[in-house]
Amino acid sequence: MIEIKRLSKEHHQQFKLINAKIRKALVNQKWFMPFSEENINNMFNEGSTLVVFGAFIDGDLGAVSLFDANNDEFAEMAKTVGYCEKIGAELGGSMVLPEYRGKNLMLEINYALINEARKMGIEYFIATAHPDNVASNNSLKKLGMTYKTTLIRDGGYERNVYILDL
């Protein structure tokens with residue numbers, strides 16, 4: 001059975017575990033901008049701008065995705081693609097354990113995130129994917145996102161930039 005739900009403080013350790021497993025399993029480390037220990041520790045605190053959802057398969061966390069409503073984090077990127085006047089959020093942190101890939105879990109989680117973002121008054125999502133990460137680029141396109149440009153993010157991470165009006 002698959003259940004999509006919002007993660008809370010009680011899922012902190014499960015999130016840390018999936019993050020560590022994904023980092024080890026990556027074909028190319030540049031495909032994923034890693035969460036620091038501090039990021040993960042603050043992720044579920046009161047006042048966090050992150051909204052995190054996960055897919056639980058028979059009770060085990062198999063995939064996660066999130067959005068960050070902190071405009072300061074992605075303002076320059078949004079400005080580059082002409083979305084600085086709207087209320088936006090960055091969709092990202094998408095991870096699916098290898099044994100659960102190919103089951104459209106990311107699509108289902110991201111639909112739940114879209115619904116949550118709409119309730120919060122968010123008008124668009126901006127998302128990025130490494131140009132060589134075919135699965136991530138395809139997932140964003142399948143969600144209905146439109147490619148805008150390719151740029152270099154903080155830390156030297158090359159990324160395709162996508163937009164989805166909500």
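See the structure printed just above.
Quick caveat, the model's predicted, so the values are computed rather than measured. (Residues numbered from 1 in each chain as written. Predicted model: local features only at pLDDT ≥ 70, side-chain atom pairs only at ≥ 80, totals over all residues. Heavy atoms only, no water.)

1. Regarding the nonpolar core
If you look at the biggest cluster of nonpolar residues, it comprises 45 residues, and the most contacted ones within it are Phe15, Phe125 and Met145. Among the elements that line this core, the one with the most residues is helix α4 (residues 105-119), at eight residues. Counting 10 residues, the second-largest nonpolar core is a separate cluster that includes Val81, Tyr83, Tyr124 and Leu151. (Core = buried A, V, L, I, M, F, W, Y, C linked by side-chain atoms within 4.5 Å. Buried < 20%, exposed > 50% of the residue type's maximum accessible area, 1.4 Å probe, protein only. Helix = DSSP H or I, 4+ residues; strand = E, 2+ residues; numbered from the N terminus.)

2. Overview of α4
Think of an α-helix as turning once every 3.6 residues; residues three or four places apart then point the same way. If you check α4, its first and last C-alpha atoms are 22 Å apart, about what 15 residues at 1.5 Å a residue would give, namely 21 Å. For α4, the full list of buried residues reads Leu105, Met106, Leu107, Ile109, Asn110, Ala112, Leu113, Ile114, Glu116 and Ala117. One or two steps after α4, the chain reaches glycine 121, where phi turns positive at roughly 85 degrees. (Expected span 1.5 Å × (residues − 1).)

3. Details of the sheet that holds strand β7 (residues 157-165)
The mixed open sheet is built from seven strands, whose spatial order is β1-β2-β3-β4-β5-β7-β6. Among the strands making up the open sheet, the edge pair consists of β1 (2-6) and β6 (146-153). Between one strand and the next, the sheet's axes are offset by a mean angle of 25 degrees, whatever the strand orientation. Strand contacts of α4: β1, β2 (50-57), β3 (60-68), β4 (88-96), β5 (124-129) and β7, with the helix running at about 40 degrees to β3, the strand carrying the most contacts. (Pairing = 2+ DSSP bridges. Axes fitted to C-alpha atoms, helices over the stretch in contact; angles between N-to-C directions. Contact = heavy atoms within 4.5 Å.)

No statement about biological role is implied by the geometric values presented.
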